[in-house]
Structure formats: structure tokens, C-alpha cells
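Fold and geometry: a report
Okay, here's what each chain looks like letter by letter:
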Amino acid sequence: MGSRYAALLAVSLPTFVYGLFRFSIGIIVPQIESSYGINDSLMGAIVSVSVGIVGIGVFVSGSTAGRYGTRATITAGMLLFSASIAVMATGVSLTVFSVLFMVASLGSGLIIPTSYSAVTSILPQRRGIGAGLVSSAYNFGGLVGPAAVGYLLLYYDWNDALLFIPVGGLITIITYLAVIPKNAGDAPPVPKGQFRSLLGNRKVMLMATGAFLADGAFVTYLSWTPKFLLTSFDVSGNTSALVDLLFGVGIGLGGAGVFVAGFLFDRIGGRTSAIIGGVAATVATLGVYLSSSLLMAVALVIAGSFFFNWFWPLLTVMSRTSVARESSSASTILVQTAAFLGAFVGPGLAGILGGAQTVPLLIAVVVPNALYSGVMIFFYSDRPSKDQD
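Calculation notes
- Residues numbered from 1 in each chain as written.
- Predicted model: local features only at pLDDT ≥ 70, side-chain atom pairs only at ≥ 80, totals over all residues.
- Heavy atoms only, no water.
- Helix = DSSP H or I, 4+ residues; strand = E, 2+ residues; numbered from the N terminus.
- Rg over C-alpha atoms; globule rule 2.2 N^0.38 Å.
- Buried < 20%, exposed > 50% of the residue type's maximum accessible area, 1.4 Å probe, protein only.
- Contact = heavy atoms within 4.5 Å.
- Areas by Shrake-Rupley, 256 points an atom, 1.4 Å probe, with all protein chains shown as cover.
- pLDDT = per-residue confidence, 0-100.
- Axes fitted to C-alpha atoms, helices over the stretch in contact; angles between N-to-C directions.
- Parallel < 35°, antiparallel > 145°, perpendicular 65-115°, else oblique.
- Left-handed = near helix turned anticlockwise from the far one by under 90°.
- Nonpolar A, V, L, I, M, F, W, Y, C, P; charged D, E, K, R; others polar.
- Core = buried A, V, L, I, M, F, W, Y, C linked by side-chain atoms within 4.5 Å.
- Salt bridge = Lys/Arg side-chain N within 4 Å of Asp/Glu carboxyl O.
- Phe/Tyr/Trp six-rings, centres within 6.5 Å; stacked < 30°, edge-to-face > 60°.
- Expected span 1.5 Å × (residues − 1).
- Bend = angle between axes of the 7 residues up to and from the residue.

Helices and strands together make up the secondary structure of the protein chain, namely 16 helices and zero strands. Here the C-alpha radius of gyration of the protein chain, 19 Å, is about what a compact globule of 389 residues would show, namely 21 Å. Seen along its three principal axes, the alpha-carbon backbone of the protein chain occupies a region of about 55 × 45 × 35 Å. Per-residue burial over the protein chain gives 59% buried out of 389 residues. Long-range pairs, those at least 24 residues apart, make up 86% of the contacts in the protein chain with a sequence separation of at least 6. For the protein chain, the computed accessible surface area is about 15000 Å², with 67% contributed by carbon and sulfur atoms.

Written out as C-alpha cells, the structure reads:
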């Protein structure tokens with residue numbers, strides 16, 4: 001495969017660029033609402049539907065990668081994602097914006113599970129670390145994206161501030177095609193009836209339930225917490241850019257966190273690592289939304305971000321290692337699709353309940369994190385099942 005380090009960099013770029021956009025949504029929500037004259041409920045619905053479309057992309061990625069290859073699927077996904085955002089940044093109507101948002105989301109869905117398949121082909125004996133690396137790239141995008149967008153918003157409109165993301169997408173496509181071999185991470189198409197058979201697998205269903213709860217909480221957190229901080233503590237001007245920067249720093253710290261989560265998977269197992277991350281995320285988000293001090297809330301955002309999305313690399317690898325090898329691709333797609341279904345529900349639920357306010361965020365962020373932790377503590381077991389290799 002040539003230089004392993006070059007391959008690891010290339011396979012991490014798609015999730016990095018996706019992270020630039022996904023983590024910046026919460027930063028630009030107030031500007032989008034003001035630009036189009038919409039409220040939190042409608043904006044929450046748009047974000048929720050877009051995440052649901054990501055889930056559709058994740059679900060169809062298995063058959064697409066099986067037919068056309070993992071590299072072609074990731075390249076097509078990045079092209080849809082980048083082109084949509086580039087057109088969106090030209091200044092379009094609300095209807096066109098919404099459609100482009102959905103197309104970009106479909107493209108991003110194609111790159112997510114396939115990126116984990118590609119990194120497994122590069123690090124076959126270090127699946128936890130490989131998944132942690134791809135997830136860390138996503139979080140590193142969360143460090144760069146909000147900070148860059150928050151700064152650019154001081155001088156430009158929200159759509160102009162997004163232009164650097166499709167540029168990153170173009171660089172990613174060129175790099176990926178130049179470095180990653182055509183057949184890297186390729187797997188046969190998911191057999192017909194495979195998903196149906198997995199619905200009867202207790203471990204897979206518990207992981208899917210946990211993914212639904214944890215990702216719903218996480219995407220809701222990303223979508224509404226920046227606005228919560230700005231409105232609850234009456235932040236404006238240069239201070240708002242500082243809050244956006246610190247939010248991005250916290251997400252970047254989460255990049256180190258998910259890498260540690262992958263390392264711990266290889267050392268102490270998925271269940272224990274998931275419990276640590278779930279409980280820490282529950283406590284930290286509870287503190288953020290109940291804090292009476294901006295300083296304390298931001299400090300908890302930064303500290304808690306180390307744990308907020310441990311669930312993603314852990315459940316991804318657990319879904320691949322908890323079933324027979326021929327079922328690993330279908331299991332991963334099923335669990336990740338459940339995650340995006342939760343992410344579809346979460347932001348919209350918070351928007352309906354009141355948006356960036358304490359009670360809606362307690363219901364849509366803290367409670368699901370607590371339930372996810374409970375699933376891992378009381379129901380899930382790392383013991384091999386009879387259909388596992």
C-alpha cells in the first residue's frame with residue numbers, strides 16, 4: 001500500500017473534512033435562523049432530517065462499496081458533500097439550502113462506515129486504534145471547524161464562512177485517489193437477509209440501542225450547546241468568538257479522547273471503556289446545562305469533550321468483533337444506522353421542546369447519555385456469543 005503513514009493520513013481526511021462541517025453547525029445556527037427568518041423548531045427539524053439522510057447514506061454504503069468498491073464510494077461521497085456545500089455558500093433560497101444540506105448529508109453518510117473499513121485494511125491487528133484514529137480525525141475537524149467559522153463570522157456572512165470546507169473536500173479527493181489503492185477495504189456485498197438475521201442477535205441490538213441513544217445525545221449537544229452558551233449567559237461580540245473557539249478546543253480534545261477509547265478497547269475491552277465514556281459524558285453535560293457560571297460551563301465543555309463521543313469508535317469496533325467475520329460489515333452498518341436514527345430524533349426533539357434551553361437539553365442530551373450508560377452497565381456483556389469468531 002506504499003507508505004503506511006501516508007495511507008493513514010489519507011484515510012483520515014474524509015472524516016476530518018466532514019467534522020469541519022458537522023461540528024460547525026451549532027456555530028452557524030443563529031446566523032442561518034436570522035438569514036432565513038426561521039425559528040428553533042424549524043432549524044431543529046432541518047438538522048434532524050439532514051442527520052437522518054446521513055443514516056440513509058450509511059445504510060446504502062454497504063451495497064455501494066460491495067458493487068463499486070470502498071475507494072469509489074468514499075470519493076463519490078466526498079464529491080456530493082463538497083459540491084453541495086460549495087453551491088450552498090453562494091447564497092441560495094431556504095428551499096435550495098435545505099435540499100443541498102440533505103445531499104451533502106447523503107454524501108457524508110457514504111464515507112463514514114467505508115472509512116472504518118479502509119483503516120481496518122491498513123491496521124488489521126489494531127482495530128481499536130484504527131477506529132480511534134478515524135474518529136480522532138473527525139474530532140480534529142471539530143477543533144478546526146468551529147474555531148475557523150467563529151472567527152470568519154466576525155467579518156463575513158455564514159455562507160462565506162463555509163467556503164474553506166469544500167476546498168478541503170477537493171484536497172481530500174485528490175489525496176485519497178493518489179494514495180489509497182483501488183481495492184483497499186473492499187468487501188463482498190452484504191448478503192440478502194443478513195440484516196434481518198442480525199435483528200435477532202441480542203448483542204447487536206444492544207449496541208444499536210446504545211448507538212441510537214448516545215449519538216442522539218451527541219448530535220443534539222453539537223447542534224444546540226453553542227447557542228445555549230451564547231444565549232444563557234448573554235454573550236456577544238468578540239466574547240462569542242472566544243466561546244466558539246473554546247467549544248472547538250473541547251471538540252479537538254475529544255479527538256485525543258476517542259483515540260484513547262480505541263486504545264482502551266484493545267486493552268480492557270469495549271464494555272468497560274463504553275461505561276467510562278458514557279458516565280463521564282452524562283456527568284459533564286449535566287454540569288454544563290445546570291451551571292450558573294459561563295466559566296464553569298465552558299470548563300465542563302472542554303473537560304467533558306474528552307469523553308463525549310467515545311461511543312462511536314467503541315461501538316463501531318464492537319459491532320465488527322462481536323459477530324462472525326462474514327457478518328461484520330452488516331453489523332457495523334446496522335449499528336451506525338441506528339446511531340444516525342438517534343441523531344435524526346435528538347436535535348428535532350430539542351427544537352420542539354424549546355431549543356437551546358436547559359430543560360430541552362437535559363431531556364435530549366443528559367437523559368439519553370444516562371440510558372446509554374445503563375445499557376452498557378446492566379445488559380451488555382463482552383463474553384463471546386455463539387456466532388462470533
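Quick look at the confidence of the model for the protein chain now. For the protein chain, mean pLDDT is 85; residues scoring 70 or higher make up 94% of the total. Across the protein chain, the element-wise mean pLDDT spans from 78 in helix H9 (residues 194-198) up to 96 in helix H16 (residues 358-378).

Helix H13 (residues 294-304) packs onto helix H12 (residues 270-290) with a crossing angle of 160 degrees between their chain directions and a minimal axis gap of 8 Å. Here H13 runs roughly antiparallel to H12, going by the angle between their axes. For the pair H12 and H13, the sense of crossing is left-handed. Two secondary-structure elements touch here, H12 through Ala 284, Gly 287 and Val 288 and H13 through Ala 297, Leu 300, Val 301 and Gly 304. Here the contact of H12 with H13 is built from residues that sort into five nonpolar, two polar and no charged.

On to the nonpolar core, then. The biggest cluster of nonpolar side chains holds 110 residues, and the ones touching the most others in it are Phe 81, Ile 112, Trp 158, Tyr 221, Leu 315 and Met 376. Per-element tally for this core: the top contributor is helix H10 (residues 202-232), with 15 residues. Aside from chain neighbours lying at most four places away, what touches Tyr 221 is Pro 226, Phe 247, Ile 251, Thr 285, Tyr 289, Val 301, Ser 305, Phe 308 and Val 365.

Overall, the coordinates contain one salt bridge when judged by the stated rule. The residue Lys 227 makes a salt bridge to Glu 33 at a minimum N-O spacing of 2.9 Å. Taken together, the residues Lys 227 in helix H10 and Glu 33 in helix H2 (residues 25-36) connect sequence positions 194 residues apart.

Per the counting criterion, the structure on display carries 21 aromatic pairs. Relative to Phe 307, the ring of Phe 306 has its centre 5.1 Å away and its plane inclined at 80 degrees; by these criteria the two rings are edge-to-face. Centroid distance Trp 312 to Phe 340: 5.5 Å. Interplanar angle 75 degrees. Geometry classified as edge-to-face. One end of the pair, Trp 312, is in helix H14 (residues 311-321); the other, Phe 340, is in helix H15 (residues 328-353), and 28 residues separate them in sequence. The rings of Tyr 18, Phe 21, Tyr 36, Phe 81, Phe 97, Phe 101, Tyr 138 and Trp 158 are connected pair by pair, giving a single aromatic cluster.

This part covers the environment of Ala 350. Here Ala 350 shows up in helix H15. With 31 residues separating them along the chain, Ala 350 and Ser 381 place their C-alpha atoms 32 Å apart. What Ala 350 contacts, discounting residues up to four positions off in sequence, is Thr 220, Trp 224, Gly 355, Pro 360, Leu 361 and Ala 364.

Tracing the chain through its elements places Ser 305 in the loop between H13 and H14. When sequence neighbours within four positions are dropped, the list of residues in contact with Ser 305 reads Tyr 221, Gly 250, Ile 251, Gly 254 and Leu 300.

What follows covers unusual backbone geometry. Of note in this structure, Asp 234 is not a glycine but carries a positive phi near 55 degrees. By the secondary structure assignment, Asp 234 is in the loop between H10 and helix H11 (238-268). The exposed category is assigned to Asp 234, whose relative accessible area is 69%.

The end-to-end C-alpha separation of helix H1 (residues 4-22) is 28 Å, in line with the 27 Å expected for 19 residues at 1.5 Å each. Along H1, the largest kink reaches about 35 degrees and is centred on Leu 13; proline Pro 14 follows within four residues of it. Counting buried residues along H1, 15 of its 19 residues qualify, which places the element largely inside the surrounding structure.

This part takes up the packing of helix H5 (residues 94-122) against H14. Two elements in contact, H5 and H14, have axes whose closest approach is 12 Å; the angle formed by their N-to-C orientations is 65 degrees. Judged on the interaxial angle alone, H14 and H5 are roughly perpendicular. For H5 against H14, the interelement crossing comes out right-handed. In this structure, H5 uses Ile 112, Tyr 116, Ser 117 and Thr 120 to contact H14, whose residues at the interface are Trp 312, Thr 316 and Arg 320.

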